[in-house]
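# Structural overview for review
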Amino acid sequence: MSRTALRICPLCEATCGLALTIDGTAVTAARGDRDDVFSRGFICPKGASFGAVDSDPDRLRTPLVRRDGELREATWEEAFDAVAAGVRPVVERYGPHSVGVVLGNPNVHTVAGALYPNVLLGALGTRSLFTASTVDQMPKHVSSGLLFGDANAIPVPDLDRTDHLLLIGANPLESNGSLCTAPDFPGRLKALKARGGTLTVIDPRRTRTAKLADRHVAIRPGTDALLLAAMAHVLFEEDLVDLGALAPHVEGAEELADAVRDFTPESVAAACDVDAGVTRALARELAGAPTAAVYGRIGSCTVPHGTLASWLVDVLNILTGNLDRPGGALFPQAATDRTPRPAGPGHGFALGRWRSRVGGHPEAKGELPLSALAEEIDTPTGAEAGEPVRALITVAANPVLSAPDGDRLDKALDSLDFMVSVDPYLNETSRHAHVVLPPPPPAQSPHHDFAFNTLAVRNQVRYTRPAVPLEPGRMAETEILARLTLAATGMHGADPAAVDAMVIEQTLGKAVRDPHSPVHGRDPGELTAQLTGENGPERRLDLMLRLGPYGDGFGTRPDGLTLQRLLAHPHGIDLGPLRPRLPQPLKTRSGRVELLPGPIADDLPRLRQALAERPDGLVLVGRRHLRSNNSWMHNVPALTGGSNRCTLHLHPEDAERLGVRGGEPVRVKGAGGEVTAPAEVTDTVRPGVVSLPHGWGHDRPGTRLTHAATEPGVNVNQLLDGSMLDPLSGNAVLNGVPVELTPVGGR
Ligand SMILES: Nc1nc2c(c(=O)[nH]1)N[C@H]1C(S)=C(S)[C@@H](COP(=O)(O)OP(=O)(O)OC[C@H]3O[C@@H](n4cnc5c(=O)[nH]c(N)nc54)[C@H](O)[C@@H]3O)O[C@H]1N2
Ligand SMILES: Nc1nc2c(c(=O)[nH]1)N[C@H]1C(S)=C(S)[C@@H](COP(=O)(O)OP(=O)(O)OC[C@H]3O[C@@H](n4cnc5c(=O)[nH]c(N)nc54)[C@H](O)[C@@H]3O)O[C@H]1N2
Ligand code: SF4
Ligand SMILES: [Mo]
């Protein structure tokens, strides 16, 4: 007997609605849910393989606890006992900062990851927080923090209405998009072209996305900030600046004009390897389009000037009047956002409120660079104050492969007093843990996109309950994280429901005191009694929906959103296209968009120096494959093989010059080490640039990734030594990295 269950896909940021076929408790097929209000039936090969991802036999079924040096199956009770016994002595002896927390990418794809890590961090009181954000989008958070006063206020290109889209360092035809949640991104780009719009792609590789473009600019890696600064220069020089309706909300335009004066198209041409005429054309096209949006992603973030490039993306949107207008780049309004407060000056965004112990890196958004994790563990206390990280909690993270210099981190993890990993796999990182707590597979978990709805090209809200019940012996990831929080913070054994109850009490306590809240002045007890949901996490979702911008305000807006109303709409509720919202989202001290914030102005001299830089050798960039996802999907046979391989792309001219032949192994050497991968000669990379995908290197002992180990690939991040960072955000430089090639056994 088979049945159908709906489930939002958690495998990438596109958040497609899936219709799963369930036989017994197994997912036997997945297709796109045609009635999904947002994805309308779209599905990609990863979503179609949901069943295989879900039922991977290598997924751990029980907790593992290390005994006599070996990880062995254990009960949940034994596992949490071991967490309490491992973490508490470290906190008591060395203080809270000696417990590190590493949060990986899938936390933004789970209900558990949205609701519990902040509670854990608050209760631990540690400053040793490291996340995937600092190998990804931290530059964007910092630029948004500085421009808008809110690190999470990230404008999203209005894909469905824009007339002109400029994509920088993004390849949504493979990645399905990022910081821009859009099911069927490829279809939306084709629709843009079909309605007469234009697409420009800036990427050192001629990607599938670039092939779709009207104009592709194969820039030299790492130089986007120069190109974008020159475009801003042209807008000022040619009198193309038109803030439009933004004018009253923006300050600093004159100072900005001065700041970009040196960056003429001619002066950046050699560094970027982009003709001055092309740069001028890019600026004119942007200004001339009825509406336009500039959008930058990985290739513009994970570079030495990542924050400046991210800032310039929005600067160009602002100077052309495209920020916050339909067809431009707008701020989404998610159903679980906080009640919007009236516009006005805010607290602003502070950077560097503390620094990392060893490298002295400034915190950004409360985080330290993931690149600095190894040194924070393996550098003993010296002159600097503070203790090394001695215990580590990793949740959905595989930094041994995803962060620079995995070999060093590998050794550092082995030296910890205690480590616990919440992870479904025994992989390159979790193999070091003393305790592994495996979450259930996705079909057994609920789904709501707390994070991605704040980045979606259309306002909408969807929630799916677990498609199949928890297998016997399984524990929901929400409960795992609640129990972990209690065990790590001296409340081991308390009822995990107490964690949710505490959050609800605190949230309502604040809301009733807030004059702008729909529940101002009401009794928190009476409101708590109104919450519905089968469990703590659902009641918390109900709470957020009801207090949110579309919520029922606990009865003040009777037709507003509640969990019950959402459950009655299994394919989701459409909340309409993105709408202009300024000045409400601004939280800067001035209450305006601050075009030239101090830390940005202070970083511009470094960009000016880059005008003279010319790499004399090859530089490395990354790439993504549609049927893969970071480090953890190489274990699913249905998603491996074909073009999804860990090969080194290089241009025929470079291959010829270096004597490299396609299919033969090449040794690639970088500052952090060397790897050997088969060469793939292709003119899709520009001359001077080579490309390796990340997330490979599944050949370490002690893991349980049976299929991935048969074709392990190499870890590209071993080429990095972790010293190259964007200074403002602490983000790792993963693109535009100098490397040397030698054909193995060649000349
Ligand atoms: N060279 C290079 N390096 C890169 C990048 C690059 O472009 N180039 N990209 C960077 C980017 S953008 C990112 S986001 C990072 C990602 O870095 P990470 O977040 O460290 O890596 P992932 O491979 O996403 O690993 C996620 C981990 O979560 C586990 N997991 C999967 N599903 C679940 C779940 O439901 N619950 C829990 N608890 N765990 C789960 C997986 O088994 C895996 O161990 O990598 C970065 N590294
Ligand atoms: N299939 C698949 N989908 C994914 C993921 C995955 O691993 N696989 N990962 C997910 C995650 S965590 C993220 S963050 C997103 C990322 O989403 P995207 O940012 O779209 O990811 P990439 O495909 O890495 O695209 C980055 C592009 O930047 C180019 N590039 C490199 N250096 C430079 C440069 O200096 N300048 C410019 N202009 N371009 C440059 C690269 O050639 C590459 O084409 O994808 C998500 N979706
Ligand atoms: S595009 Fe992303 S969300 Fe949609 S089916 Fe594919 S992996 Fe899932
Ligand atoms: Mo990412």
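Residues numbered from 1 in each chain as written. Chains lettered and ligands numbered in written order. Predicted model: local features only at pLDDT ≥ 70, side-chain atom pairs only at ≥ 80, totals over all residues. Heavy atoms only, no water.

This part covers the overall build of the chain. Looking only at helices and strands, the chain has 26 helices and 28 strands in total. Taken over C-alpha atoms, the radius of gyration comes to 25 Å for the chain, in line with the 27 Å a tight globule of 747 residues would show. The C-alpha extent of the chain, read off along each of the three principal axes, is 65 × 65 × 65 Å. Here the chain holds 747 residues, and the buried ones make up 60% of them. For the chain, the share of sequence-separated contacts (at least 6 apart) that also reach a separation of at least 24 residues comes to 73%. (Helix = DSSP H or I, 4+ residues; strand = E, 2+ residues; numbered from the N terminus. Rg over C-alpha atoms; globule rule 2.2 N^0.38 Å. Buried < 20%, exposed > 50% of the residue type's maximum accessible area, 1.4 Å probe, protein only. Contact = heavy atoms within 4.5 Å.)

This next bit is on the sheet that holds strand 2 (residues 17-23). An order of 1-2-3 is seen for the 3 strands of this open sheet, with the pairing classed as antiparallel. Each edge of the open sheet carries a strand with a single partner, namely strand 1 (2-8) and strand 3 (26-32). Neighbour-to-neighbour, the strand axes of this sheet turn through a mean angle of 30°, independent of strand direction. Sheet analysis places strand 2 next to strand 3, joined by 6 bridges and oriented antiparallel. If you follow Thr21 over to strand 3, its bridge partner there is Ala29. (Pairing = 2+ DSSP bridges. Axes fitted to C-alpha atoms, helices over the stretch in contact; angles between N-to-C directions.)

What follows covers helix 13 (residues 276-288). The terminal C-alpha atoms of helix 13, which comprises 13 residues, lie 18 Å apart, in line with the 18 Å expected from a rise of 1.5 Å per residue. Regarding helix 13, the residues found buried are Ala276, Thr279, Arg280, Ala281, Leu282, Ala283 and Leu286. With a side-chain oxygen lying 3.0 Å from the backbone nitrogen of Gly277, the N-terminal cap of helix 13 falls on Asp275. (Expected span 1.5 Å × (residues − 1). Polar contact = N/O pair within 3.5 Å; in protein donor to acceptor, adjacent residues only side chain to side chain.)

Another point: unusual backbone geometry. Across the junction of Leu582 and Pro583, the peptide omega takes the value 5°, indicating a cis bond. If you trace the backbone, Pro583 turns up in the loop between strand 19 (573-577) and strand 20 (593-594). Its identity is not glycine, yet Thr15 carries a phi of approximately 55°, on the positive side. Along the chain, the position of Thr15 falls in the loop between strand 1 and strand 2. A positive phi angle, close to 55°, is found at Phe554, a residue other than glycine. Within the element layout of this structure, Phe554 appears in the loop between helix 22 (536-547) and helix 23 (563-567).

A few words on the pairing of strand 9 (residues 164-168). Among the 5 residues in strand 9, 5 count as buried, and that is most of the element. The two faces of strand 9 match: His164, Leu166 and Ile168 on one face and Leu165 and Leu167 on the other face are all buried. Note that strand 9 and strand 10 (residues 198-202) share 5 bridges and pair parallel. Across the sheet, the residue bridging to Leu167 is Val201, located in strand 10.

Looking now at the site of ligand 1. Neighbouring ligand 1 are 28 residues; Asn105, Asp423, Asn427, Glu477 and Ser631 lie closest to it. Between ligand 1 and the protein, one listed contact pairs an oxygen atom with a side-chain N or O atom of Asn427 at 2.7 Å. Notes on ligand 1: free accessible area 910 Å², of which the protein chains cover 95%. Here the residues of the shell around ligand 1 sort into 14 nonpolar, 10 polar and 4 charged. (Near = heavy atom within 4 Å. Areas by Shrake-Rupley, 256 points an atom, 1.4 Å probe, with all protein chains shown as cover. Nonpolar A, V, L, I, M, F, W, Y, C, P; charged D, E, K, R; others polar.)

With that out of the way, let us pick up the domain arrangement of the chain. Many descriptions give the size of an interface as the accessible area lost when the pieces come together. In terms of domains, the chain is made up of domain 1 (2-54), domain 2 (64-134 + 363-577), domain 3 (139-336 + 597-607) and domain 4 (615-743). Domain 2 and domain 3 are separated by 33 Å when their C-alpha centres are compared. Across the boundary between the two partners, domain 2 contributes 21 residues, which contact 21 residues of domain 3. Across the domain 2/domain 3 interface, buried area totals approximately 1,700 Å², and carbon plus sulfur atoms make up 64% of it. At the boundary of domain 2 and domain 3, one finds 0 salt bridges. Between domain 2 and domain 3 we count 4 residue pairs in polar contact (both at pLDDT 80 or more) in total. For the side of domain 2 that touches domain 3, the secondary structure elements donating two or more residues are strand 18 (458-461), helix 22 and strand 19. With 3 residues, helix 22 is the single largest residue contributor to the side of domain 2 that touches domain 3. The class makeup of the residues in the side of domain 2 that touches domain 3 is 15 nonpolar, 5 polar and 1 charged. (Domains from an automatic or database assignment. Buried area = accessible area lost by both parts, 1.4 Å probe. Salt bridge = Lys/Arg side-chain N within 4 Å of Asp/Glu carboxyl O.)

So, about the UniProt feature "domain: 4Fe-4S Mo/W bis-MGD-type" (unreviewed entry) in the chain. Feature annotation in UniProt places "domain: 4Fe-4S Mo/W bis-MGD-type" (unreviewed entry) on residues 2-58, given in this structure's numbering. A distance of 25 Å separates the end C-alpha atoms of residues 2-58, which is 16% helix and 37% strand. (UniProt positions renumbered as here; feature names shortened; annotations may be inferred.)

Bringing the sheet that holds strand 25 (residues 689-691) into the picture now. Ordered by their spatial adjacency, 6 strands build a closed barrel running 21-25-22-24-23-28, and the pairing between neighbours is mixed. For this sheet, the mean angle separating the axes of adjacent strands, direction not counted, is 45°. Bridging between strand 22 (residues 648-650) and strand 24 (residues 673-681) involves 3 bridges; their strand directions are parallel. Across the sheet, Leu648 pairs through a bridge with Ala679, a residue of strand 24.

Take the site of ligand 3 next. All residues in the neighbourhood of ligand 3 are listed as Cys9, Leu11, Cys12, Ala14, Thr15, Cys16, Phe42, Cys44, Lys46, Gly47 and Asn176. Looking at the shell around ligand 3 residue by residue, the class counts come to 7 nonpolar, 3 polar and 1 charged.

In this section: the packing of helix 20 (residues 497-513) against helix 22. Where helix 20 contacts helix 22, the two axes come as close as 9 Å, and the packing angle between them is 15°. In terms of their interaxial angle, helix 20 and helix 22 are classed as roughly parallel. Classified by chirality, the crossing of helix 22 by helix 20 is left-handed. In contact with Asp500, Val503, Ile504, Thr507, Leu508 and Ala511 of helix 20, helix 22 contributes Gly536, Pro537, Arg539, Arg540, Leu543 and Leu547. In terms of residue class, the contact of helix 20 with helix 22 is made up of 7 nonpolar, 2 polar and 3 charged. (Parallel < 35°, antiparallel > 145°, perpendicular 65-115°, else oblique. Left-handed = near helix turned anticlockwise from the far one by under 90°.)

Inspection of the sheet shows strand 4 (residues 64-67) paired to strand 5 (residues 70-73) by 4 bridges, in the antiparallel sense. Bridge pairing in strand 5 places Arg66 opposite Leu71. Between strand 4 and strand 5, which pair antiparallel and follow one another directly, the connecting turn spans 2 residues, one of which, Asp68, has a positive phi of 50°. Alignment of strand 4 against strand 17 (residues 435-437), held across 2 bridges, turns out to be antiparallel. Within strand 17, the residue paired with Val65 across the bridge is Val435.

Another point: the pattern of salt bridges. All chains considered together, the criterion is met by 43 salt bridges. For Arg608, the salt bridge goes to Asp262, with nearest N and O atoms at 2.6 Å. Of this pair, Arg608 sits in helix 24 (residues 598-610) while Asp262 sits in the loop between helix 11 (253-259) and helix 12 (265-272), placing them 346 residues apart in sequence. Classification of Asp262 by relative accessible area gives partly exposed; the value is 37%. A salt bridge links Glu376 to Arg357, with the shortest nitrogen-to-oxygen separation between them at 3.6 Å. With a gap of 19 residues between them, Glu376 in helix 16 (residues 373-378) and Arg357 in the loop between strand 14 (329-330) and helix 16 connect regions that are remote in the sequence. Exposure class is identical for Glu376 and Arg357. Each is buried.

With respect to the helices and strands, Pro597 occurs in the loop between strand 20 and helix 24. Taking the C-alpha atoms as reference, Pro597 lies 9.9 Å from Trp311; in sequence the two are 286 residues apart.

Turning to the nonpolar core, a few remarks are in order. As a rule of thumb, soluble globular proteins bury nonpolar side chains together. Within the largest apolar cluster, 60 residues are counted, with the highest numbers of intra-cluster contacts made by Phe148, Leu226, Met231, Trp311 and Ile318. Broken down by secondary-structure element, the contributors of at least two residues to this core are helix 6 (138-148), strand 9, helix 10 (224-237), helix 11, helix 12, helix 13, helix 15 (306-319) and helix 24. Here this core gets 10 residues from one element, more than from any other, and that element is helix 10. What Leu226 contacts, discounting residues up to four positions off in sequence, is Phe263, Val268, Ala271, Cys272, Leu607, Ala610 and Leu611. In terms of nonpolar packing, the next biggest core, distinct from the first, is built from 55 residues, Ala74, Val87, Leu120 and Leu481 among them. (Core = buried A, V, L, I, M, F, W, Y, C linked by side-chain atoms within 4.5 Å.)

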